[in-house]
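Examination of the molecular architecture
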Amino acid sequence: MPRTHITTVINGDETEFLTEDSTSLLNALRDEVGLTGAKEGCGTGDCGACSILVDDRVNCACLMFAPEADGTVIVTVEGLADSGELHPLQQCFLEGAALQCGICTPGFLMAAKALLDKNPDPTETEIRYALAGNLCRCTGYDKIIRAVQEAAREMRGQ
Amino acid sequence: MAITEENPGYKWVGTRPVRPDGVEKVTGKARFGADLILPGMLHGKVVRSPHAHARIVSIDTSAAESMEGVKAVITGADFPDLAANGAHPSEIDVANNTIARDKVLYEGHVVAAVAAITREQAEAAAKAVTVTYEVLPHVLTVDEAMADDAPLLHDAMITKGVDPAPEEPSNIASKILHERGDLDQGFGEADSVVEREFTTKPVHQGYIEPHAAVADANTDGRAHIWCSSQGHFQMRAYTATVLGVSPGTLKVTAAEIGGGFGGKTVIYLEPLAVRLSQRAGRPVKLVMDRDEVFRATGPTSGTRIKVKMGVSKDGKITAAEVWMAYEAGAYAGSPVGAAGMTAIACYDIPNFVVEGYDVVCNKPRVAAYRAPGAPMAAFAVESVLDELARNIEMDPIDIRLANAAVEGTQASYGPKFPRIGFVETLEAIKEHPNYTADLGPNQGRGVAAGFWFNAGMMSSATVHINENGTATVVTGSPDIGGSRQSMALMAAEELGIPYESIKPVVADTETVGFNDVTGGSRVTLATGAAVVDACRLIVEDLRGRAAKTWDVEVDQVEWVDGQAQHVDGAQPPLSLNDLAAKSGRTGGPISANASLNSRGVGAGFSTQLCDVEVDPETGVTKVVRYLTAQDAGRAISPDYVEGQMQGGVVQGIGWALNEEYIHDTEGVMENPSFLDYRIPVASDLPMIDCAIVEVPNPAHPYGVRGVGEVGIVPPMAAVGNAIHDAVDVRMTELPMSPIKVLEALNENDG
Ligand code: FES
Ligand code: FES
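None of these values were measured; they are calculated from a predicted model.

Reading the values: rules and limits
Residues numbered from 1 in each chain as written. Chains lettered and ligands numbered in written order. Predicted model: local features only at pLDDT ≥ 70, side-chain atom pairs only at ≥ 80, totals over all residues. Heavy atoms only, no water. Helix = DSSP H or I, 4+ residues; strand = E, 2+ residues; numbered from the N terminus. Rg over C-alpha atoms; globule rule 2.2 N^0.38 Å. Buried < 20%, exposed > 50% of the residue type's maximum accessible area, 1.4 Å probe, protein only. Domains from an automatic or database assignment. Contact = heavy atoms within 4.5 Å. Buried area = accessible area lost by both parts, 1.4 Å probe. Salt bridge = Lys/Arg side-chain N within 4 Å of Asp/Glu carboxyl O. Polar contact = N/O pair within 3.5 Å; in protein donor to acceptor, adjacent residues only side chain to side chain. Axes fitted to C-alpha atoms, helices over the stretch in contact; angles between N-to-C directions. Parallel < 35°, antiparallel > 145°, perpendicular 65-115°, else oblique. Left-handed = near helix turned anticlockwise from the far one by under 90°. Nonpolar A, V, L, I, M, F, W, Y, C, P; charged D, E, K, R; others polar. Core = buried A, V, L, I, M, F, W, Y, C linked by side-chain atoms within 4.5 Å. Phe/Tyr/Trp six-rings, centres within 6.5 Å; stacked < 30°, edge-to-face > 60°. Pairing = 2+ DSSP bridges.

1. Some thoughts on the overall build of chain B
Counting its secondary structure elements, chain B contains 19 helices and 26 strands. Over its C-alpha trace chain B gives a radius of gyration of 27 Å, about what one expects of a compact globule, namely 27 Å for 750 residues. Counting only C-alpha atoms, chain B reaches 85 × 75 × 55 Å along its principal axes. A burial count over chain B gives 64% of its 750 residues as buried.

Encoded structure:
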């Protein structure tokens with residue numbers, strides 16, 4: 001089967017890979033690029049475990065075909081820390097115990113980053129709605145919401 | 001946080017440091033079940049039955065085998081016939097549930113599996129496997145399965161627990177019975193009696209990570225399996241049974257696990273992956289998609305439960321009669337036994353009969369789900385108790401206090417309770433501001449309580465002291481919710497060294513002694529006790545080495561704050577660092593193992609308070625405030641105790657309001673996706689307030705009680721009781737979906 005050649009920028013580096021046209025971006029990232037930080041919880045856009053940023057917008061990688069990534073700039077959870085320094089969201093998730101099993105964490109971090117990039121001072125309700133596409137079965141969301149609030153405070157320099 | 005016992009000077013236990021495995025989990029490095037990629041690895045795909053009940057007439061794999069990229073195709077015939085080998089019936093059930101031999105018993109039952117070079121090739125090959133079925137009549141609910149002329153799933157199923165044993169087979173696998181006192185007399189003494197019937201639907205554990213396994217088989221018969229499970233030793237044992245090999249030929253490495261809640265204590269993919277890898281001569285990865293997870297794993301039982309209870313005017317429960325039937329799915333083994341033991345265990349009741357039935361039907365085999373069996377029974381009992389309290393105009397906490405089990409109470413399931421903290425959870429709720437917070441229009445408040453055991457079972461731990469005085473703590477209990485942290489906290493406390501100096505490790509089946517599954521609220525309890533034991537052995541060893549160094553008797557040496565001190569101060573102290581650096585001269589490497597079985601089995605209680613708002617126009621119920629009080633014995637790691645409490649509550653809220661398996665009349669699941677099987681999302685919920693109660697468990701070195709499960713027991717009744725308080729309808733069916741609430745409201749009006 002002929003495979004398509006894709007050129008993207010992933011986590012700051014120009015990255016090329018080959019893919020079949022029917023392959024999801026999630027599977028391409030995981031199997032071809034070897035970045036397994038984005039997870040598949042459903043494959044149908046219902047859980048958010050595969051959330052990544054594509055050209056600064058949060059997307060379900062499972063709902064995109066890999067060829068759609070050509071020419072885009074992608075950030076996955078592996079690219080969230082800056083030269084070994086954790087992003088405030090990562091730090092606040094750790095300190096606030098906002099993860100139990102951690103399978104949902106990469107998706108929550110990316111969705112929360114997209115939120116805070118747009119809205120640096122969200123209310124609790126705004127956070128809850130912004131993260132409503134991300135499922136967590138372990139935490140009951142309480143500590144996740146608090147961690148995002150705390151990260152927002154820190155990022156605003158308060 | 002409600003602390004009923006002062007912290008007796010612990011330095012690490014009870015603190016909230018960052019978890020040891022945290023950085024890997026926030027940077028995407030942690031490897032979960034589906035994240036392993038091996039050189040030359042093939043992708044597998046499972047072929048599943050479209051029928052709820054059918055005989056397999058034939059399976060034709062030839063087309064699939066000849067497709068591009070396909071390296072192996074297997075069916076039930078590729079596995080030993082355990083029935084013919086005289087295996088135990090429960091082992092035969094495990095094998096047949098892994099891959100069907102003669103009959104499929106539910107939609108989604110595995111009939112074959114393939115492995116190919118690419119995922120797409122495997123999917124295409126799976127579609128090309130042709131199975132000819134003779135469709136059989138099916139039964140989907142306990143009522144259908146228990147009917148006189150019901151079609152049978154298992155021709156030889158004779159109900160256990162009935163004397164004399166029935167002569168005819170049925171779909172009733174077993175009966176359980178607990179009784180005490182005299183029911184007639186008890187109901188005769190009651191001033192108010194309420195009798196209600198409840199139904200609940202199967203619900204799924206809903207872990208976000210689908211099941212996944214990678215197997216790499218060698219030509220010498222050995223194989224290495226990586227899988228995400230709640231117990232890799234258990235996976236090894238089950239897989240060996242199904243494959244008909246010795247467990248020693250299999251090595252199982254625990255991947256990080258993306259949630260389990262009981263549902264990953266059983267095998268599905270592992271034996272298939274090993275067999276495919278053997279046939280193909282290459283590593284094989286099998287990953288379920290979400291649809292498969294719903295159709296073929298979990299769930300917990302749908303039930304029908306009848307409860308009749310009576311109370312005297314002063315709130316004493318005089319009698320309780322409970323009848324329950326639990327769906328087991330395709331094979332015997334619903335959690336009705338635990339349901340029978342827990343249903344009324346919160347209370348001291350003089351007269352009762354609790355009767356239960358384990359009933360097979362054509363749905364996926366149920367798996368454990370957080371406090372298996374208890375939540376449905378508690379929904380029924382706690383709803384009836386709420387109604388009784390209203391009838392005699394008593395406060396819902398007070399009626400529970402009037403009957404609460406305390407130390408010395410003969411539990412309804414047999415033994416006398418040791419020291420327990422049920423009363424303290426009730427008081428914690430009553431004292432909390434939420435108990436008297438103002439309620440708005442269409443809002444209501446509900447209380448419910450629950451009980452669950454803590455299993456003990458078998459655990460092993462090894463502690464190594466490194467040459468710089470840091471420690472590696474090795475256990476074999478997969479860390480599903482922060483248990484590495486509680487292990488490290490206890491080890492830091494015992495050894496007297498900083499938490500950061502401890503590296504907790506979950507080792508494979510060849511590196512550490514046997515550990516039972518991560519489940520039954522047992523890891524911090526039992527594996528934690530093994531860690532404590534191993535650390536105490538280390539401390540003994542270190543005292544001996546210090547004594548040798550100083551040439552004194554060992555009783556002259558104390559271990560304080562991570563250093564050996566001479567009782568009279570006659571010698572300068574020796575730190576763990578000093579002793580570790582000199583270990584070569586004082587007896588070699590410093591390490592210790594500890595293994596134990598079933599110590600510190602305990603009892604855990606939770607009381608919860610729920611405020612809801614019901615929209616009378618739409619029937620939609622919104623939880624607006626929630627408080628959970630739970631006895632943790634001693635919260636080693638308060639962050640993760642709260643996490644367990646909050647997570648259990650929210651699963652319970654989902655069970656109460658949204659979640660259910662919906663099957664069509666053919667027995668095909670209609671909602672196998674997170675879109676249609678809707679678990680709670682962030683915008684559905686308020687913050688979940690926690691009151692950790694600490695009444696130490698007398699049987700654990702730190703007083704720990706397992707905290708993982710009991711939190712899911714009260715929510716359904718707490719929500720139902722709150723709905724009643726809000727709009728005066730008694731909900732007896734789960735989920736309490738908008739349409740059912742509306743129907744109930746209309747009935748009230750009509
Ligand atoms: S895997 Fe993409 S949304 Fe669930
Ligand atoms: S931490 Fe397990 S699903 Fe969110």
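Moving on, there is more to tell.
2. Quick word on the domain arrangement of chain A
When the parts of a complex come together, some accessible area is lost, and that lost area is often taken as the interface size. All names here are of chain A. According to the domain assignment, chain A contains domain 1 (4-79) and domain 2 (88-155). Contacts between domain 1 and domain 2 engage 13 residues on the former and twelve residues on the latter. Around 950 Å² of area is buried between domain 1 and domain 2 when both sides are counted, 70% of it from carbon and sulfur atoms. Contact with domain 2 buries surface across domain 1, with Cys-47, Leu-53 and Val-77 losing the most and accounting together for 42% of the total. The tally of links between domain 1 and domain 2 comes to zero salt bridges. The interface formed by domain 1 and domain 2 contains four residue pairs in polar contact (both at pLDDT 80 or more). The dominant element in the side of domain 1 that touches domain 2, judged by the number of residues it contributes, is strand 3 (residues 51-54), at three residues.

3. Considerations on the packing of helix 17 (residues 638-657) of chain B against helix 18 (residues 715-727) of chain B
Residue and element names in this part refer to chain B. Running from N to C, helix 17 and helix 18 cross one another at 55 degrees; their axes reach a closest spacing of 8 Å. With respect to helix 18, the element helix 17 is oriented oblique. Viewed along their axes, helix 17 and helix 18 form a crossing whose handedness is right-handed. Facing Gly-648, Val-649, Gly-652, Ile-653, Trp-655, Ala-656 and Leu-657 of helix 17, the residues of helix 18 in contact are Pro-715, Met-716, Val-719 and Ile-723. Tallied by class, residues from the contact of helix 17 with helix 18 come to nine nonpolar, two polar and no charged.

4. As for the domain arrangement of chain B
Residues and elements named next belong to chain B. Domain parsing of chain B yields domain 1 (373-454 + 601-749) and domain 2 (457-595). Averaged C-alpha coordinates put domain 1 and domain 2 at centres separated by 39 Å. Of the residues lining the interface, 17 residues belong to domain 1; the matching set on domain 2 comes to 16 residues. Taken together, the two surfaces of domain 1 and domain 2 that pack against each other cover about 1,200 Å², and 62% of this comes from carbon and sulfur.

5. Here we look at the nonpolar core
With 185 residues, the main nonpolar core has Phe-93 of chain A together with Met-324, Ile-723 and Met-736 of chain B as its most contacted residues. For this core, the element with the highest residue contribution is helix 11 (residues 374-391) of chain B, accounting for eleven residues. Counting residues in each nonpolar core, the second largest holds 46 residues, with Ala-488, Leu-495, Val-532 and Ala-546 of chain B among its members.

6. Quick word on the packing of aromatic side chains
Residues and elements named next belong to chain B. Applying the stated criterion across every chain, the model contains 21 aromatic pairs over all chains. Ring geometry for Trp-452 and Phe-453: centres 5.1 Å apart, planes at 70 degrees, overall edge-to-face. The same class applies to Trp-452 and to Phe-453, which are both buried. Measuring from centroid to centroid gives 6.1 Å for Tyr-661 and Tyr-677, while their planes differ by 80 degrees, and the two rings are edge-to-face. Of this pair, Tyr-661 sits in the loop between helix 17 and strand 26 (688-693) while Tyr-677 sits in the loop between helix 17 and strand 26; the two residues are 16 residues apart in sequence, bridging distant segments of the chain. Each member of the pair, Tyr-661 together with Tyr-677, is buried. Among the aromatic residues, those joined into a cluster by ring pairs are Tyr-347, Tyr-413, Phe-417, Phe-422, Phe-451, Trp-452, Phe-453 and Phe-605.

7. Here's the deal with the pairing of strand 21 (residues 563-566) of chain B
Residue and element names in this part refer to chain B. Taking every second residue as pointing to the same face, the buried face of strand 21 carries Ala-564 and His-566, while none of Gln-563 and Gln-565 on the other face is buried. The pairing of strand 20 (residues 557-560) with strand 21 spans four bridges and is antiparallel. Bridge pairing links Val-557 to His-566 in strand 21. Pairing geometry for strand 21 and strand 22 (residues 574-575), over two bridges, is antiparallel. The partner of Gln-563 across the bridge, within strand 22, is Ser-575.

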